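Below, each chain spelled out in residue letters.
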Amino acid sequence: MTRFNRILLKLSGESLMGEQGYGIDVKRLSEYAAQIKEVADMGVQIGIVIGGGNIFRGLTGAGKGFDRVKGDQMGMCATVINSLALSSALGAIGQRNRVMTAIRMEPIGEFYNKWKAIEAMEQGEVVIFSAGTGSPYFTTDTGSSLRGIEIEADVMLKGTRVDGIYTADPEKDPTATKFHDITYSEVIARGLKVMDITAIAMCMQNDLPIYVFNMDIVGNLRRVLSGDDIGTLVHN
Ligand code: UDP
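Nothing here was measured: the structure is a model prediction, and the numbers come from that model.

Q: What is the right way to read the site of the ligand from this model?
A: The ligand sits among 20 residues. The nearest are G53, D72, T133, S135 and T140. M76 places a polar main-chain atom, nitrogen or oxygen, 3.5 Å from an oxygen atom of the ligand. Contact distances for the ligand include 2.6 Å between an oxygen atom and a side-chain N or O atom of T133. Within the complex, 93% of the 520 Å² of free accessible area of the ligand lies under protein. Looking at the shell around the ligand, the elements that each hand over two or more residues are α1 (13-16) and α4 (68-92). Grouping the constituent residues of the shell around the ligand by class yields 4 nonpolar, 12 polar and 4 charged.

Q: Got a minute to help me understand the sheet that holds strand β9 (residues 232-235) in this structure?
A: The strands making up a sheet are joined through hydrogen bonds of the backbone, oriented either antiparallel or parallel. One open sheet holds the 9 strands; their spatial order is β4-β3-β5-β2-β1-β6-β8-β9-β7, and the pairing between them is mixed. The sheet is open, and its two borders are formed by β4 (110-111) and β7 (181-183), each paired with just one other strand. As judged from the 2 bridges shared by strand β3 (residues 97-101) and β4, these two strands associate in the parallel manner. Looking at β4, one finds that M100 is bridged to E110.

Q: What exactly am I supposed to notice about the nonpolar core here?
A: Most often, soluble globular proteins have nonpolar side chains that are buried together. Residues L9, I36, I48, L86 and L157 are the most contacted members of the largest nonpolar core, which totals 31 residues. Every element with two or more residues in this core is listed here: β1 (6-11), α2 (26-40), β2 (45-50), α4, β5 (126-130), β6 (155-160), β8 (210-214) and α9 (220-226). Considering each element in turn, this core owes the most residues, 6 residues, to α2. Once you skip the residues sitting within four places of it in the chain, I36 turns out to touch L9, L11, I46, I48, L86, L90, V126, M215 and L221. Grouped together as the second largest cluster of nonpolar side chains are 28 residues, L8, L192, I200 and V234 included.

Q: Would you take a moment to explain the side chain of T133 for this structure?
A: Topologically, T133 is positioned in the loop between β5 and α6 (140-150). At a separation of 3.1 Å, a polar atom in the side chain of T133 contacts the main-chain amide nitrogen of S135. When neighbours within four sequence positions are excluded, T133 is seen to be in contact with A102, F138, T142, G143 and L146.

Q: Whenever I open this one, the packing of α6 against helix α8 (residues 197-205) confuses me. Can you help?
A: Packed helix pairs are specified by the crossing angle of their axes together with the interaxial distance, meaning the distance between the axes. At a minimum axis distance of 7 Å, the contact between α6 and α8 shows a crossing angle of 15°. One way to sum up the angle between α6 and α8 is to call them roughly parallel. Relative to α8, α6 is oriented so that their crossing is left-handed. Between α6, through D141, T142, S145, L146 and I149, and α8, the contact on the second element is made entirely by T198, A199, M202 and C203. Across the contact of α6 with α8, the residue classes break down as 5 nonpolar, 3 polar and 1 charged.

Q: Would you mind showing me how to read unusual backbone geometry here?
A: Excluding glycine, a negative phi dihedral is what most residues carry, and trans is how most peptide bonds are arranged. Of note, the bond from E106 into P107 is cis; its omega dihedral lies within 30 degrees of zero at 10°. In this fold, P107 is placed in the loop between β3 and β4. In this structure, A131 is a non-glycine residue whose phi angle is positive, near 70°. Looking at where A131 falls in the secondary structure, it is placed in the loop between β5 and α6. For A131, a relative accessible area of 0% gives the class buried.

Q: How do you make sense of the environment of F129 when you look at a structure like this?
A: Within the secondary structure, F129 sits in strand β5. Relative accessible area serves as the criterion here: at 2%, F129 is assigned to the buried category. Separated by 17 residues in the primary sequence, F129 and Y112 place their C-alpha atoms 7.5 Å from one another. Setting aside residues up to four positions removed in sequence, F129 forms contacts with L8, G47, I48, V49, I50, M100, Y112, A117, R147 and I151.

Cut-offs and rules
Residues numbered from 1 in each chain as written. Predicted model: local features only at pLDDT ≥ 70, side-chain atom pairs only at ≥ 80, totals over all residues. Heavy atoms only, no water. Near = heavy atom within 4 Å. Polar contact = N/O pair within 3.5 Å; in protein donor to acceptor, adjacent residues only side chain to side chain. Areas by Shrake-Rupley, 256 points an atom, 1.4 Å probe, with all protein chains shown as cover. Helix = DSSP H or I, 4+ residues; strand = E, 2+ residues; numbered from the N terminus. Nonpolar A, V, L, I, M, F, W, Y, C, P; charged D, E, K, R; others polar. Pairing = 2+ DSSP bridges. Core = buried A, V, L, I, M, F, W, Y, C linked by side-chain atoms within 4.5 Å. Buried < 20%, exposed > 50% of the residue type's maximum accessible area, 1.4 Å probe, protein only. Contact = heavy atoms within 4.5 Å. Axes fitted to C-alpha atoms, helices over the stretch in contact; angles between N-to-C directions. Parallel < 35°, antiparallel > 145°, perpendicular 65-115°, else oblique. Left-handed = near helix turned anticlockwise from the far one by under 90°.

Everything listed is a geometric property; what it means functionally is a separate question.
Next comes the structure, spelled out in structure tokens:
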């Protein structure tokens, strides 16, 4: 038995670039794929959302003079690139998977459909949800909340490079302390940078718990599913 039966795993695009500062680090990519296969082999049903920040972010683009909507569309395309990369890495190690897109772009991916996604997950396929929500002015965090709620996931696992939520940024403030668990309202009230407010509010309203943990340490995804308390739980 695992701690959760069906998960929505959110990976940031930024983590995918590993040490190289841009693009896709193949070592990090294959480590992620191996960790995902490990929990799929435990019988966990897995949906995944990956960001696109390693390639393009609409808001950053707007700051440089790009049209915001076109910039966001570029960001969504970036998430499709990352999703295809992960799909390929999973396929290479024998993990059945499919990419769904929030914007029609067959044959790159299948157009998103909740019921098809659930059916695939029930049959052991990992489903990667790309292109976020399909709309500008949103983030992949909101895309994850939305897909997590739709596919009736037990939890959203937010894989980051930090091992949970702290009172302040632990990379900048050495006195920061870690929360074992925290409510959504407290995350918002304290202005903690876990996910954007839209994403948190959706999880709060629909009772989807968020578990923040360090995905960059190989084996941690399995540890979370096995019940090890290595991150921070956000709940109502
Ligand atoms: N994006 C969007 N709508 C969505 C999801 C993403 O417009 O529903 C765009 C947005 O420009 C964002 C970019 O895609 O900056 C990449 O996603 P995100 O910043 O969430 O990636 P991450 O920070 O997780 O790598």
